[in-house]
Amino acid sequence: MNLIWLEDFVALAATGNFSRAAEDRHSSQPAFSRRIRALEEWIGAELFDRSSQPAKLTEVGEWFTGVAQELIARVARVPGDAKKVAEASSVTLRIASTHALSFTFLPRWLRSLESNTTLGPVQLMSDVLQRCEALMLQSKVQFVLSHAHSKAQGALDAEPYRSARIGEDLLIAVSAPDEEGNARYQLARQGGPAVPVLQYTEESGLGRIMRAVIGRRLESVPAQAVFTAHLASVLRTMVLDGRGIAWLPQTLVEDDIDQGRLVAAASNDWEVPLEIRLYRDSELLGKAANAFWNAAIGV
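Okay, so let's go over this structure. Remember, it's a predicted structure, so these values are computed and weren't measured experimentally.

Some details on the packing of aromatic side chains
Two descriptors summarise a pair of aromatic rings, namely the distance from one centre to the other and the angle between the planes of the rings.
Then step 1. A full pass over the atoms with the stated rule returns 10 aromatic pairs.
Then step 2. Centre to centre, the rings of F105 and W109 are 6.0 Å apart; their planes meet at 20 degrees, and the pair counts as stacked. Of this pair, F105 and W109 both sit in helix 6 (residues 105-114), four residues apart, which is roughly one turn of that helix.
Then step 3. Here F105 falls in the buried class, since its relative accessible area comes to 12%.
Then step 4. Relative to F292, the ring of W109 lies with its centre 5.7 Å away and its plane at 75 degrees, an arrangement referred to as edge-to-face. Residue W109 is found in helix 6, and its partner F292 is found in helix 11 (residues 287-296); the two are separated by 183 residues along the sequence.
Then step 5. The class for F292 is buried, based on a relative accessible area of 1%.
Then step 6. Here the aromatic cluster, defined as three or more aromatic residues joined through ring pairs, consists of F9, F18, F32, F48, W63 and F64.

Here you go:
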């Protein structure tokens, strides 16, 4: 049995269309069909009913869907799991953090931990939340640090992962000031001019929270999305340049607000309270990782 056959099967199960699935797998249809047949011969039963269009899963195919997905996921975790075992005695901590927190919160937080415990070398990977989650799912990191909100659950907010609240933050709608020090752009009630809004992409954790918490409410006011980016730091630069308003973490813009470079662009009821959470797998291998977790949660 070939792993490629499993990936072909999952692609075909999703669409039921041999041509589309072959295209998605960057394969010719004849070669793709031969691999599906080879998989069926190896299993000893047909997985698809080809008499209908699109092709439908047989009863065996329905059962095998879960098996194939589990096998693919398990294989994807093997390198990370092997690394965890190999590094069980390592003192290096592998942490993935969202960009916004890696620039602001993380350095101060690590310093505070070092006042109570000795930390070994830290290998930091900074990325958007979706990719940080993928690193954890593949066991390539021991910890993920990100913003969180109860209305925007992610891949790590379920078993076998655990998390702890280690800080708080606030998403604030901000704008560059005008000559009089007032917001150049102000989120207004229905009937006012459309306000240019700078938004986060789908891969961004802050974007996930924004859509879940105030996405529908934002649709009810005159606002127009004019720019989209992964990073809060990029949106901050665009806001400072006077391109519109954006919801930015207080930890990122508190100095800008204190010095008058940015001002509030909406009333307080548009603010979004955030948790800062540290995620981990249910099982940590190595004394260094366990000591770090205990220090983080104050044990």
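Focus on unusual backbone geometry
Then step 1. In this structure, the amide linkage connecting Q53 to the following residue, P54, adopts the cis form with an omega of 0 degrees.
Then step 2. For P54, the position within the fold is in the loop between strand 1 (48-49) and strand 2 (56-57).
Then step 3. Of note, the amide linkage connecting E159 to P160 takes the cis form, showing an omega dihedral of 5 degrees.
Then step 4. Mapped onto the elements of the fold, P160 is located in the loop between strand 5 (143-148) and strand 6 (161-175).
Then step 5. The backbone of S139 sits at a positive phi, close to 60 degrees, despite the residue not being glycine.
Then step 6. Mapped onto the fold, S139 is located in the loop between helix 7 (129-137) and strand 5.

Notes on the packing of helix 1 (residues 3-15) against helix 3 (residues 29-43)
Then step 1. At a minimum axis distance of 9 Å, the contact between helix 1 and helix 3 shows a crossing angle of 105 degrees. As far as their axial angle goes, helix 3 and helix 1 are roughly perpendicular. Contacts from I4, W5, D8, F9 and L12 in helix 1 reach F32, R35, I36, A38, L39 and W42 in helix 3.
Then step 2. Residue composition of the contact of helix 1 with helix 3, by class: nine nonpolar, no polar and two charged.

Focus: the nonpolar core
Then step 1. L171, L187, Y200, W247, L248 and W270 are the most contacted members of the largest nonpolar core, which totals 35 residues.
Then step 2. The set of elements that each furnish at least two residues to this core consists of strand 6, strand 7 (195-200), helix 8 (205-219), helix 9 (232-240), strand 9 (246-249), helix 10 (250-258) and strand 11 (272-281).
Then step 3. When sequence neighbours within four positions are dropped, the list of residues in contact with L248 reads L170, L171, I172, V174, Y200, A232, L235, R236, V239 and V253.

Scoring rules and cut-offs
Residues numbered from 1 in each chain as written. Predicted model: local features only at pLDDT ≥ 70, side-chain atom pairs only at ≥ 80, totals over all residues. Heavy atoms only, no water. Phe/Tyr/Trp six-rings, centres within 6.5 Å; stacked < 30°, edge-to-face > 60°. Helix = DSSP H or I, 4+ residues; strand = E, 2+ residues; numbered from the N terminus. Buried < 20%, exposed > 50% of the residue type's maximum accessible area, 1.4 Å probe, protein only. Axes fitted to C-alpha atoms, helices over the stretch in contact; angles between N-to-C directions. Parallel < 35°, antiparallel > 145°, perpendicular 65-115°, else oblique. Contact = heavy atoms within 4.5 Å. Nonpolar A, V, L, I, M, F, W, Y, C, P; charged D, E, K, R; others polar. Core = buried A, V, L, I, M, F, W, Y, C linked by side-chain atoms within 4.5 Å.

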